[in-house]
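Given next are the chains, with one letter for each unit.
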Amino acid sequence: MHISEGILSGPVLFTGGALAAAGTAIGLKRLDYDRIANVSILSSAFFVASLIHVNVGPSSVHLILNGIVGILLGWAAFPAILVALTLQSVFFQFGGITALGVNTVIMALPAVLCYYLFRPLIKQNHLIAMIASFLTGFLSVFFASILLGVSLVFTEENFWEVSMLVIMANFPVMLIEGILTAFCIAFLKKVHPTILPGHIS
Amino acid sequence: MLRLYRTKTPMNIFLNGELIFRAFLTKGINKMTKFRSKKMSLRIFYTLLFSIVFIGHAYAHKVIVFAWVEGNTVYTESKFSGGKKVKNAPIEVFDAHGKKLLDGQTDESGKFSFKVPQKNEMKIVLLAGMGHRGEWTITRDDFGEEIEENIKNMDSKNNMSTQTSPMIESKAVHKEKNAIPCLTSEEIQMIVEKTLEKQMNPLLTKLNKLLAPNTSPDVSDIFAGIGYILGLMGIGAYFNYRRKKE
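What counts as what
- Residues numbered from 1 in each chain as written.
- Chains lettered and ligands numbered in written order.
- Predicted model: local features only at pLDDT ≥ 70, side-chain atom pairs only at ≥ 80, totals over all residues.
- Helix = DSSP H or I, 4+ residues; strand = E, 2+ residues; numbered from the N terminus.
- Buried ≥ 20, exposed ≤ 12 C-beta atoms within 10 Å, placed from the backbone.
- Contact = placed C-beta atoms within 7 Å.
- Pairing = 2+ DSSP bridges.
- Axes fitted to C-alpha atoms, helices over the stretch in contact; angles between N-to-C directions.
- Expected span 1.5 Å × (residues − 1).
- Core = buried A, V, L, I, M, F, W, Y, C linked by C-beta atoms within 7 Å.
- Left-handed = near helix turned anticlockwise from the far one by under 90°.
- Nonpolar A, V, L, I, M, F, W, Y, C, P; charged D, E, K, R; others polar.
- Parallel < 35°, antiparallel > 145°, perpendicular 65-115°, else oblique.
- pLDDT = per-residue confidence, 0-100.

Visitor: Give a description of the overall build of chain A that names residues and reports values.
Guide: If you tally the helices and strands in chain A, you get seven helices and two strands. For chain A, the α and β elements follow one another from N to C terminus as α-α-β-β-α-α-α-α-α. Within the span of chain A, comprising 201 residues, buried residues form 56% of the whole. Pairs at least 24 apart in sequence give 76% of the contacts found in chain A among residues at least 6 apart.

Visitor: Tell me about the sheet that holds strand E5 (residues 111–115) of chain B, residues and numbers included.
Guide: Residue and element names in this part refer to chain B. An order of E1-E2-E5 is seen for the three strands of this open sheet, with the pairing classed as antiparallel. Edge positions in the open sheet fall to strand E1 (63–70) and E5, since each of these has one partner strand only. Taking each pair of neighbouring strands and ignoring which way they run, the sheet shows an average axis angle of 20°. Where strand E2 (residues 73–80) lies against E5, five bridges are found, and the strand directions are antiparallel. Paired with Glu77 across the strands is Lys111, a residue of E5.

Visitor: Kindly report on the pairing of strand E4 (residues 100–105) of chain B, identifying the contributing residues and their values.
Guide: All names here are of chain B. Of all six residues that make up E4, zero are buried, and the element is exposed over most of its length. Here strand E3 (residues 90–95) runs beside E4; their pairing, made up of five bridges, is antiparallel. Its bridge partner lying in E4, Glu92 is registered against Asp103. Turn length for the E3-E4 hairpin, with the two strands adjacent in sequence and antiparallel, is four residues, and the turn residue Gly98 shows positive phi of about 90°.

Visitor: How would you summarise unusual backbone geometry if you had to cite specific residues and measurements?
Guide: All names here are of chain A. Even without a glycine there, the phi angle at Leu65 is positive, about 65°. By secondary structure assignment, the location of Leu65 is in the loop between strand E2 (59–62) and helix H3 (66–73). Of note in the backbone geometry, Gln93 takes a positive phi value of approximately 55° without being a glycine. Mapped onto the elements, Gln93 comes out in the loop between helix H4 (77–92) and helix H5 (100–122). Exposure remark for Gln93: the 22 C-beta atoms within 10 Å place this residue in the buried category.

Visitor: Please provide a residue-by-residue account of H4 of chain A, values included.
Guide: A turn of α-helix holds 3.6 residues, and therefore any two residues three or four places apart point the same way. In this model, H4 of chain A (16 residues) spans 21 Å end to end at C-alpha, consistent with the 22 Å of a helix rising 1.5 Å per residue. Buried residues dominate H4 of chain A, accounting for 13 of its 16 residues.

Visitor: Tell me about the nonpolar core, and name the residues and values.
Guide: Ranked by size, the top nonpolar core spans 77 residues in total, and within it Phe46, Val69, Ala77, Ala80 and Ile81 of chain A carry the most contacts. Elements that contribute at least two residues to this core include exactly helix H1 (10–29), helix H2 (36–49), H3, H4, H5, helix H6 (126–152) and helix H7 (159–191) of chain A together with helix H6 (219–245) of chain B. The greatest single-element share of this core, amounting to 13 residues, is contributed by H5 of chain A. With sequence-adjacent residues up to four places away left out, Ala80 of chain A is seen in contact with Val39, Leu42, Ser43, Phe46, Val69 and Leu73 of chain A.

Visitor: How would you summarise the packing of H4 of chain A against H6 of chain B if you had to cite specific residues and measurements?
Guide: Put simply, H4 of chain A and H6 of chain B touch, their axes get as near as 10 Å, and they point 150° apart. At the point where H4 of chain A passes H6 of chain B, the crossing takes the right-handed sense. Of H6 of chain B, the residues touching H4 of chain A (which contributes Val83, Leu87, Phe91 and Phe92 of chain A) are Asp221, Ala224, Gly225, Tyr228, Ile229 and Leu232 of chain B. Classifying every residue of the contact of H4 of chain A with H6 of chain B gives eight nonpolar, one polar and one charged.

Visitor: Describe the packing of H1 of chain A against H5 of chain A, with residues and values.
Guide: Residue and element names in this part refer to chain A. Between H1 and H5, whose axes approach to 7 Å, the crossing angle comes to 55°. As the angle between them shows, H1 and H5 are arranged oblique. The crossing of H1 and H5 is left-handed. Between H1, through Val12, Leu13, Gly16, Gly17, Leu19, Ala20 and Gly23, and H5, the contact on the second element is made entirely by Gly101, Val102, Thr104, Val105 and Ala108. Tallied by class, residues from the contact of H1 with H5 come to seven nonpolar, five polar and no charged.

Visitor: Tell me about the confidence of the model for chain A, and please be specific about residues and values.
Guide: In this model, chain A carries a mean pLDDT of 88, and residues with pLDDT of at least 70 account for 96%. Highest mean pLDDT in chain A belongs to H4 of chain A (93); lowest belongs to strand E1 (residues 53–56) of chain A (72).

Visitor: Mind laying out the pairing of strand E7 (residues 132–138) of chain B, listing which residues take part and the relevant values?
Guide: All names here are of chain B. Note: strand E6 (residues 122–129) against E7, seven bridges, orientation antiparallel. Bridge pairing in E7 places Leu126 opposite Gly134. Turn length for the E6-E7 hairpin, with the two strands adjacent in sequence and antiparallel, is two residues, and the turn residue Met130 shows positive phi of about 55°.

Visitor: An account of the sheet that holds E4 of chain B is needed here, citing residue identities and associated values.
Guide: Residues and elements named next belong to chain B. Taken in spatial order, the four strands line up as E4-E3-E6-E7 in an open sheet, and their pairing is antiparallel. Each edge of the open sheet carries a strand with a single partner, namely E4 and E7. Averaged over neighbouring strand pairs, the angle between their axes works out to 20° when direction is ignored.

Visitor: Please set out the confidence of the model for chain B residue by residue, giving values where relevant.
Guide: All names here are of chain B. With 68% of its residues at a pLDDT of 70 or more, chain B has an overall mean of 74. Ranking the elements of chain B by mean pLDDT puts helix H3 (residues 148–163) last, at 49, and H6 first, at 90. Low pLDDT, under 50, characterises residues 49–60; the stretch is placed with 19 contacts to residues that sit more than four places away or in other chains. What the predictor reports for the complex is a pTM of 0.69 with an ipTM of 0.86.

Next comes the structure, spelled out in structure tokens:
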């Protein structure tokens, strides 16, 4: 889901860069430095996630993990994802350097969105928390696919065609991530609930 | 407070160093216990580490197009990093000034070949959909030397020599009648080309394999990236500690 170098036009890259900068600024301000270890662990998980590859017919897609990054970090997902994407771009050449801002917005904005949508639900009883965390993982990839379609709309022909293609190609990823997020949140609730959002540390 | 050795013998200096290092270490550990999630983070970290070790087959996500020239044809191969072939994807070829020369499509095995349109620098661009793009530049050096011209020069030289000696024409005719059948220059050229092709083919395949860009990321790159992230965490924690001390 990383956009390569040379695909997007100047204005789109510039807008993406500005939005990513704004999001990162907010994220850094709201970052609890006592919890910086969490942020870096989740950033590393995101960094490695794109290496896990799911074969879908003719194309190949990879895990994104922005759901769990979002629900655990909130706005701090922006700097975490920005750092991980920069390192992926430099070391693995995933995604162009100029498209860094756009790629960050595509992956971090759904993470923050799901944080606001599902944060209160995680605190509830077990069943609601599981469903909410499944939806977090599912919808964060879904929204990321939509945003990918939006950013490509100025280069590709048809927004609906591209979006449908991306959503269908990433559907297995959505399911896998939903299940993964559900298991992670269930585990954390039992073992270490202070790490979850909304708990006062 | 630290109780260091006063007399400055080499042994004492070494022991002092060790005491100072140990003091820093204990301070660091005491600081780290402030992080509530230390145990959890360690668990997640070890799980991550193990999963990296067992990734093995894990693939990555960029698209690569690789091209080489053989004779009059340019061959291209397109893959996703990880080795999966890019099927039925559009390919465009541009010249050094950005003018489009031709376009085509990769076949079921990710390959696409075309006749050389011009012996100059060319850029081959692959669009694999969903925002993936790869490119490869063919330089002047990738093209071989022109062999036909040398042969043409040789032939014209032969014609010249027979034309400028009408007086010894009779001798030449005699020579022709008694001439032993020998190879013409074209036949020699064909034989040499065929032998060269046979000998060079295995070498060229090996060379192309070496030149092809690396598809899957190295484990060393993974560790490098994680190292940088942990380094940033350390810097952030250090400045947080400094700020809190004030």
